[in-house]
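Letter by letter, the chains look like this.
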Amino acid sequence: MADPPSLRLLILGGTTEAAGLSRLLVDQAWLAPILSLAGRTRAPVLPPIPSRIGGFGGAEGLAAYLGATPIDVLIDATHPFAARISANAEIACAAVGVPRLVLQRPGWTAGPGDNWRMVASVADAAEALGAAPRRVFLTIGRQDLLPFQAAAHHRYLIRSVDAPDAALLPPHAEIITGRGPFDEAAERALLHDIDVLVTKNSGGDDAKLRAARALGLPVILVERPAAPMGERVATPAEALIWLRAHAETLAAARGA
């Protein structure tokens with residue numbers, strides 16, 4: 001009979017990094033991973049490991065899940081702007097004594113030729129568009145569009161993975177759906193009649209920012225919320241190294 005997995009792992013996912021880590025874990029007999037998705041994307045692309053979709057019921061619900069499953073370690077590989085989920089993970093792991101690692105890609109930094117204006121919130125980004133009508137490319141996610149209804153004198157091209165709720169849309173909005181990564185040449189073509197790009201400092205693939213730089217377009221960039229506390233890595237490969245170390249520690253403790 002094969003030995004049971006030495007490490008039971010919960011990945012809070014929804015990002016490219018979570019998907020990349022999940023692919024690395026396929027056929028790793030020493031691991032029993034579960035990928036958890038919040039369920040905000042209507043047709044998520046699921047990697048070939050066990051998965052669950054839906055919330056836990058806040059920090060208390062997540063703590064109960066960690067204890068009942070049970071889970072040995074948790075990796076928070078959620079979106080950099082998923083601050084509430086990360087806060088719940090921090091509280092839940094502390095409550096039940098489950099080690100936690102944050103897997104989060106670095107944010108973008110401006111380089112030569114970039115014309116960026118940093119703002120603290122999506123509402124600030126809408127205000128920063130100004131009084132003169134502009135053609136705006138919005139890539140901020142379908143759930144954060146409401147503040148732009150107050151800037152109805154602009155015309156918007158909005159891209160998201162799923163089509164947004166019509167009640168959230170500003171007037172004069174055109175919708176396109178798409179899932180990255182995107183090609184820089186295609187992004188340049190998309191931006192040819194755009195006056196300003198509005199996006200979040202999510203990090204990762206930056207084809208639209210390279211295209212904006214090449215075209216001399218200004219960018220309004222929403223800053224990230226405060227990063228989660230605790231150990232962190234930037235890549236799936238680094239997360240796998242961390243997991244191996246924890247598996248060895250746990251195996252030694254169980255054999256003691």
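Residues numbered from 1 in each chain as written. Predicted model: local features only at pLDDT ≥ 70, side-chain atom pairs only at ≥ 80, totals over all residues. Heavy atoms only, no water.

### Looking at the nonpolar core
Keep this limit in mind: Definition used in this section: a nonpolar core is a set of buried Ala, Val, Leu, Ile, Met, Phe, Trp, Tyr and Cys residues joined via side-chain atoms within 4.5 Å. Relative accessible area decides the class of each residue, using a 1.4 Å probe on protein chains only: under 20% of the type maximum gives buried, over 50% gives exposed, and in between gives partly exposed. Strands here mean DSSP runs of E at least two residues long; helices mean DSSP runs of H or I at least four residues long; both are numbered from the N terminus. By the convention used here, residues are in contact when the closest approach between their heavy atoms is within 4.5 Å.
Core analysis: the largest hydrophobic core is formed by 22 residues, its most contacted members being Leu-9, Ile-11, Leu-21, Leu-25, Ile-75 and Leu-243. Elements with a minimum of two residues in this core: β1 (7-12), α1 (16-25), β2 (31-37), β4 (73-76), β5 (100-103) and α7 (236-255). With five residues, α7 is the largest single contributor of residues to this core. Aside from chain neighbours lying at most four places away, what touches Leu-21 is Ile-11, Ile-75, Leu-103, Pro-236, Ala-239, Leu-240 and Leu-243.

### Looking at the sheet that holds β5
Inclusion rule: We call two strands paired when DSSP finds no fewer than two bridges between them.
A sheet is described by the order of its strands in space; here six strands give the open sequence β3-β2-β1-β4-β5-β12, paired in parallel fashion. Pairing within the sheet leaves two strands with one partner each, and these edge strands are β3 (51-53) and β12 (232-233). Bridge analysis of β1 against β2 gives six bridges, and the strand direction is parallel. Pairing of Leu-7 across the sheet is with Leu-31, part of β2.

### Some words on the pairing of β4
Burial of β4 is two-sided: the residues Val-73 and Ile-75 facing one way and the residues Leu-74 and Asp-76 facing the other way are all buried. Bridge analysis of β1 against β4 gives four bridges, and the strand direction is parallel. The residue of β4 that forms the bridge with Leu-12 is Asp-76. Taken together, the three bridges between β4 and β5 define a ladder with parallel strand orientation.

### Looking at the pattern of salt bridges
Short version of the rule: By definition here, a salt bridge exists when the distance from a side-chain nitrogen of Lys or Arg to a carboxyl oxygen of Asp or Glu is within 4 Å.
Evaluated as defined, the whole model comprises ten salt bridges. Where Asp-72 meets Arg-8, a salt bridge forms, and the shortest distance between an N and an O atom there is 3.0 Å. Taken together, the residues Asp-72 in the loop between α2 (58-68) and β4 and Arg-8 in strand β1 connect sequence positions 64 residues apart. Salt bridges sharing partners connect three or more residues here, namely Glu-184, Arg-188, Asp-206 and Arg-210.

### Digging into the packing of aromatic side chains
We count it as follows: Between rings of Phe, Tyr and Trp, where Trp is taken as its six-membered ring, a pair exists when centres lie within 6.5 Å; planes separated by under 30 degrees are stacked, by over 60 edge-to-face, and by other angles tilted. As a reminder, the over-ring test applies to NZ of lysine and CZ of arginine, requiring each to be within 6 Å of the ring centre and within 35 degrees of the ring normal.
Per the stated rule, a full pass over the model turns up two aromatic pairs. In this arrangement the basic side chain of Arg-159 is found over the ring face of Phe-182, its NZ or CZ atom lying 3.7 Å from the centre. Above the ring of Phe-81, the side-chain terminus of Lys-200 is found at 5.1 Å from the ring centroid.

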